Amino acid sequence: MARLRVFVNERPVDVARGATVRDAVAALDHGLADLLATAAAYVTDGVGRQVDARDPVGEAGGVFRVVVTARRAPAISKEALRRWPKAELHVHLDGSLRPATMLELAREQHVRLPADTPEGLTLALSVQGVHSLEEYLTKYQLTLAVMQTAAALERIAYEFVVDLAAEQVRYVEVRYSPLLHRPALTLTQAIEAPLRGIERAVRETGTRVGLIVCGIRTLPPAMSLELAQVAVGYRSAGVVGFDLAGAEHGHPAEDHRAAFALAVQHGLACTCHAGEGDGPASIHQALQSCGAQRIGHGTRLGEDPALLEYVVAQRIPRVSSSPSTPTGAWWTASPSPTNIISRTRRSGSARTSWFAWC
Ligand SMILES: [Zn+2]
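Predicted model, so just to flag it, every value in this text is computed and none were measured. (Residues numbered from 1 in each chain as written. Predicted model: local features only at pLDDT ≥ 70, side-chain atom pairs only at ≥ 80, totals over all residues.)

1. Here's the deal with the packing of helix α1 (residues 21-28) against helix α2 (residues 30-37)
The cut-off we apply is this: Every angle, taken between N-to-C directions, lies between 0 and 180 degrees, and every axis is a line fitted to C-alpha atoms, over only the stretch in contact when it is a helix. Helical segments are the DSSP runs of H or I of at least four residues, strand segments are the runs of E of at least two, and each set is numbered from the N terminus. Each residue gets a C-beta atom placed from its backbone, and two residues are in contact if those atoms lie within 7 Å. Nonpolar residues are Ala, Val, Leu, Ile, Met, Phe, Trp, Tyr, Cys and Pro. Charged residues are Asp, Glu, Lys and Arg, and all others, Gly as well, are polar.
Two elements in contact, α1 and α2, have axes separated by 6 Å at closest approach and are oriented at 145°. Where α1 approaches α2, its residues Arg22, Val25, Ala26 and Leu28 are matched on the opposing element by His30, Leu32, Ala33 and Leu36. For the contact of α1 with α2, the class distribution of residues is six nonpolar, one polar and one charged.

2. Section: unusual backbone geometry
Filter applied, for reference: We call a residue exposed when 12 or fewer other C-beta atoms sit within 10 Å of its C-beta, buried when the count reaches 20 or more, and partly exposed for counts in between; the C-beta positions come from the backbone.
In this chain, Arg182 is followed by Pro183 through a cis amide linkage whose omega measures 5°. One non-glycine residue with positive phi stands out, namely Arg315, at about 55°. Structurally, Arg315 is set in the loop between α13 (305-313) and β12 (318-319). Residue Arg315 is classed as exposed on the basis of its C-beta count, with 12 C-beta atoms lying within 10 Å.

3. Some points on the pairing of strand β5 (residues 62-68)
Test applied: What makes two strands pair is DSSP finding at least two bridges between them.
Within β5, six of the seven residues are buried, which leaves the element mostly enclosed by the surrounding structure. Sheet analysis places strand β1 (residues 3-8) next to β5, joined by three bridges and oriented parallel. Looking at β5, one finds that Val6 is bridged to Gly62. Bridging between strand β3 (residues 41-45) and β5 involves five bridges; their strand directions are antiparallel. Within β5, the position partnered with Ala41 by the bridge is Val68.

4. A look at helix α12 (residues 280-288)
Burial within α12 is extensive, with seven of its nine residues counted as buried. Every buried residue belonging to α12 is among Pro280, Ser282, Ile283, His284, Gln285, Ala286 and Leu287, and all of these are buried. Summarising the contacts, the buried residues of α12 are in contact with β10 (269-274), β11 (294-297) and α13.

5. Side note on the nonpolar core
Keep this limit in mind: As used here, a nonpolar core is made of buried Ala, Val, Leu, Ile, Met, Phe, Trp, Tyr and Cys residues. They are joined through C-beta atoms within 7 Å.
Of all hydrophobic cores here, the largest spans 57 residues; its most connected members are Val213, Phe242, Cys272 and Ala286. Here the element with the most residues in this core is helix α8 (residues 150-166); it accounts for seven residues. Apart from residues no more than four positions distant in its own chain, Ala286 is found in contact with Ala253, Cys272, Ala274, Ala292 and Ile295.

Shape descriptors only; they carry no functional weight alone.
Shown next, in the form of structure tokens:
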């Protein structure tokens, strides 16, 4: 009897006619199928609509994704985390250097670092015990010190994608600010260099990558606008979004609204770091004045119930990254109100925003 070809989490599996969606998931991964039985996971079709796992697979096959929910998922082993395909939606290129590469670049460029071994450098870059966003951001001065050449930027971007691909990350949006590579590089050079590294890594690994450029809150808004103007020219070359980062308190996002408006006009997606170093009014501003479609962190969203309700109703993703633990944040393909609330509680301590398709 002919079998049906089904794609589960982008992997092809063949099942017998009459098999259920759950059977198709089990053909890919029994562990995932078991999660379906405990309601810790659910299945969507190719466009994100939830489907009943007990339904039969259609005669024409199908495309399904298994979403592990944040609230009900049992403890997930590190091995399973490594194995499952993931998407990374909030990660900073200048926070993602291999320590050995950093040391090599420092030697080449005659840059002094606080340590001369990978272990020592890892310790020097650790943010354990750091209590404020401002203090956290000082660590980036060390990484940025060795990222002021086109060759270094290209290499770092390449290695970053290769490393993530090895962790089964299939889609990544990586961000950084080209403004922080001036005056050594022009904005054009600072955008083209990582794009070259990314292109090579994409060819080798198959992981898909989007680049997000960040304006910086503490720099003049005219610079954000200039960055947006240059970045939109690379929309078809891999730049997918515009973001605003940097010290938040006392540096309102709405000062940079012209840059956001220009980015939107030219079809770039917009996200904004908000509600971490400042309160919910800052999130409100990012959404209403700047048109952000996604919020970075937003850890203080829960302080304003009306705003929280709005974010839930509008299904605005709030994507976090922070350095302390690797497993705190889970992002689902189709955010539901409960997911958003659970993220409010959990994601502040997450190193990464892995978004599990499985
Ligand atoms: Zn961030």
